[in-house]
Amino acid sequence: MDSVRGAVTPVSIYLDVDGVVNPFSPLGTTDWGGEWTIADAGILEVAYAPEAVSELNDLAGHPAARFVWLTTWERLAPEFLCPAIGLKGQDWPVLSSQGWDEGPEWWKLVALQKDVAASGSDRIVWLDDQLRHESDARSWAEYQQDRVLCISPDPRKGLSRRDLAAVRAYLG
């Protein structure tokens with residue numbers, strides 16, 4: 001773990017919802033070996049793996065972890081999703097598409113870049129199923145080399161054990 005004068009250097013972890021925490025039309029069992037749990041998030045039903053939520057909650061307690069919502073759910077994630085599935089992300093910062101969704105760039109990349117500059121994070125983790133389709137985001141991440149860990153889960157399966165083990169290893 002990097003530290004400066006005893007302080008832990010934060011690793012910003014940018015979390016998407018749909019296709020990551022809430023898979024699209026999941027089939028069969030979760031990667032964690034259990035059944036999908038369905039919850040009413042107030043605005044729609046979501047499917048999730050309770051084990052993945054538990055692991056996210058555990059990772060959020062890591063001294064270097066700084067979780068940030070980067071999802072089209074925006075403020076709805078902490079307000080509705082968190083209580084519905086037991087994710088302790090009500091106090092995580094929320095990045096917004098407002099003002100960033102008018103240009104040709106993917107709004108999530110622009111918002112993330114601005115947040116990275118403002119937060120001072122030396123390293124980041126980006127969890128978004130859409131990453132595999134966004135060449136500008138992949139190019140930017142590759143340019144950052146070891147400073148960025150990108151994980152683009154299968155949108156019908158969401159975060160896997162392997163994905164979250166990679167996040168844990170990256171955190172140190």
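What counts and what doesn't
Counting restarts for each chain, with residues numbered from 1 along the sequence as it is written. Local features in this predicted model are restricted to residues whose pLDDT is 70 or higher, and side-chain atom pairs enter the listing and the counts only when it is 80 or higher, whereas totals over whole chains, interfaces and linings include all residues. Neither water nor hydrogens contribute to the side-chain values; these are computed over all heavy atoms in the structure. Should a side-chain nitrogen of Lys or Arg be within 4 Å of a carboxyl oxygen of Asp or Glu, the pair is scored as a salt bridge. Only DSSP runs of H or I reaching four residues or more are called helices, and only runs of E reaching two or more are called strands; each is numbered from the N terminus. Burial status follows relative accessibility: with a 1.4 Å probe on protein chains alone, a residue under 20% of its type maximum counts as buried, one over 50% as exposed, and anything between as partly exposed. Here the term patch refers to residues with relative accessible area over 30% and no salt bridge, with like charges joined within 9 Å and nonpolar side chains (Val, Leu, Ile, Met, Phe, Trp, Tyr) within 5 Å. Computed with a 1.4 Å probe, the accessible areas rest on the Shrake-Rupley method; for each residue, only the protein chains presented here act as cover. Working note: the arc is built from the helix axis to C-beta atom directions. Pairs of residues are marked as contacts when any of their non-hydrogen atoms sit within 4.5 Å.

(A) The arrangement of the pattern of salt bridges in detail. Under the counting rule described, the total for this entry stands at five salt bridges. A salt bridge links aspartate 16 to lysine 108; the shortest N-O distance between them is 3.1 Å. Here aspartate 16 is found in the loop between strand 3 (11–15) and strand 4 (37–40), whereas its partner lysine 108 is found in helix 3 (residues 107–119), with 92 residues between them in sequence. For aspartate 16, a relative accessible area of 4% translates into the label buried. What emerges from the salt-bridge pattern is a single network uniting Asp16, Lys108 and Asp128.

(B) Focus on a nonpolar patch on the surface. On the surface, Ile43, Leu44 and Leu76 cluster together into a nonpolar patch covering about 230 Å² of accessible area. Topologically, isoleucine 43 is positioned in the loop between strand 4 and strand 5 (45–48). With relative accessibility at 43%, the residue isoleucine 43 sits in the partly exposed group.

(C) Representation of helix 5 (residues 161–171). Along helix 5, the positions that sit buried rather than exposed are Asp163, Leu164, Val167, Tyr170 and Leu171. On an axial view of helix 5, the arc spanned by its buried residues comes to 115 degrees, and they lie on one face. In helix 5, the exposed residues that point more than 90 degrees away from the buried face are Arg162 and Ala169. Where helix 5 is buried, its residues contact strand 3, helix 1 (50–60), strand 6 (65–69), strand 7 (123–127) and strand 8 (148–151). Just downstream of helix 5, glycine 172 is the residue with a positive phi angle, here 85 degrees.

Coordinates in, geometry out; function isn't part of it.
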